Amino acid sequence: MRGGERVLERLLHLFPQADIFTHVYDPTAVSDTIRRHKVTTSFIQHLPGARRHYQSYLPLMPMALEQLDLRGYDLVISSESGPAKGVITAPDALHLSYVHSPMRYLWDHYHDYRDAAGMVSRAMMPLLCHRLRAWDASSAARVDRIVANSRFIQRRIAKAWRREADVVHPPVEIDLFDRADAVGPAYLWVGQMVPYKRPDLAIDAFNALGLPLVMVGDGPLAAAMRRRAGPNITILPRLPFPALRRAYAQCRALVFPAEEDFGIVPVEVIASGRPVLAYAGGGALDSVTQDLTGQFFASQSVDSLIAGVKAMEAWLPHFDPAAAMADARRFAPDRFDQGLLHALE
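Residues numbered from 1 in each chain as written. Predicted model: local features only at pLDDT ≥ 70, side-chain atom pairs only at ≥ 80, totals over all residues. Heavy atoms only, no water.

Undergrad: What am I meant to see in the packing of helix α8 (residues 199–209) against helix α13 (residues 302–315) here?
TA: The relative placement of two packed helices is expressed as an angle between their axes plus a distance between the axes. Running from N to C, α8 and α13 cross one another at 60°; their axes reach a closest spacing of 9 Å. Taken together, the axis directions place α8 and α13 in an arrangement best described as oblique. Judged by the twist between their axes, the crossing of α8 over α13 is right-handed. Where α8 approaches α13, its residues L201, A202, D204, A205, F206, A208 and L209 are matched on the opposing element by V302, L305, I306, V309 and K310. (Axes fitted to C-alpha atoms, helices over the stretch in contact; angles between N-to-C directions. Helix = DSSP H or I, 4+ residues; strand = E, 2+ residues; numbered from the N terminus. Parallel < 35°, antiparallel > 145°, perpendicular 65-115°, else oblique. Left-handed = near helix turned anticlockwise from the far one by under 90°. Contact = heavy atoms within 4.5 Å.)

Undergrad: How should I be thinking about helix α11 (residues 264–271) in this particular structure?
TA: Since the α-helix packs 3.6 residues into each turn, any two residues three or four apart lie on the same face. Of all the 8 residues making up α11, 7 are buried; the element is thus mostly covered by neighbouring parts of the structure. Within α11, burial applies to V265, P266, V267, E268, V269, I270 and A271. Buried positions along α11 lie against β7 (187–190), α10 (241–250), β10 (254–256), β11 (276–279), α12 (284–287) and α14 (321–328). Of the residues trailing α11, G273 is marked for its positive phi of about 80°. (Buried < 20%, exposed > 50% of the residue type's maximum accessible area, 1.4 Å probe, protein only.)

Undergrad: Honestly, the packing of helix α1 (residues 3–14) against helix α15 (residues 333–343) in this entry has me stumped. Any pointers?
TA: Where α1 contacts α15, the axes come no closer than 11 Å and their chain directions differ by 65°. It follows that α1 is roughly perpendicular to α15 by the angle criterion. In the crossing of α1 with α15, the sense of the turn from one axis to the other is right-handed. Contacts between α1 and α15 involve V7, R10, L11, H13 and L14 from the first element and P333, D334, F336, D337, L340 and L341 from the second. Split by residue class, the contact of α1 with α15 holds 7 nonpolar, 1 polar and 3 charged. (Nonpolar A, V, L, I, M, F, W, Y, C, P; charged D, E, K, R; others polar.)

Undergrad: In this structure, what is going on with the sheet that holds strand β5 (residues 145–148)? I would like to understand it.
TA: Backbone hydrogen bonds hold the strands of a sheet together, and the pairing may be parallel or antiparallel. If you trace the 4 strands from one edge of the open sheet to the other, you get β3-β4-β5-β6, paired in parallel fashion. Every interior strand has two partners, whereas the edge strands, β3 (75–80) and β6 (166–167), have only one. The pairing of β5 with β6 spans 2 bridges and is parallel. Across the sheet, residue V147 finds its bridge partner in β6, namely D166. Most of the contacts of α15 go to strand β4 (residues 94–99), to which it runs at about 140°, and overall it touches β3, β4, β5 and β6. (Pairing = 2+ DSSP bridges.)

Distances and angles like these do not, on their own, reveal function.
Printed below as a string of structure tokens:
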């Protein structure tokens, strides 16, 4: 139940009679909202280890998508961050693709993923990704209308697929968050411990600053990050949602060094009445407003993040939590509803 599943829930709110088609489905891992709908899976569902290692079957996904029978549906909405838009629809059907991102591992992050892959995967990726890239670009022509979740993804779509896209930001449950009576001294970092989230950057900067930092997240880099962190840094693998809400509301500010497609966590923190210090790239340029809901730092380097923390410290006395929380309403679910329905007109 991450960002893509939250978007799916909102789509089901808009279209309560909709059926769901997906490669792999684990009903124990999704919400009641999703479980109430008819779910049809591709043949990948029946392959060995598909529930846990579905990513391994990426080369088969274009063929699996094209075998899904969507005759009889007059509206098809694909939620695209991997291959989903490549389904074959009826000639008179409208196909709208809501794009979280063109597949990063095929396009602008290809070399990062290949460098991090094992020896066998690294050897196979050039041939497989070359073919998948061609299919990904050609299948974009099957879509009638494209909606991006941020201006950053809008530009990625134009570069990879040569298609124009409207922008509709993903829905964020703003009303689940509120201010705390008191704010603590520690900065906060939240995310998966994976390379592009840049937990290393946060740790190195705060090791140098000596300021308190709480990091919430687990993943492949977690053990290395624990060894790297100084005594002023606390790393927690996860928090239950009530505790995470408190952490949002009580942090001094959120540190957000990743180049994200959009990034829901900054909006949740802003809705909790706290500011964000974000890298000036990616979707954060849509979600964070300079001198209203946060500050930016210019490059993904330790020196730049340290300078950003110092700028944040100087600006914090001027931060208005109420104004920030009001700005977060730009991302409320009803705004998503309006934008998506307008795209269908």
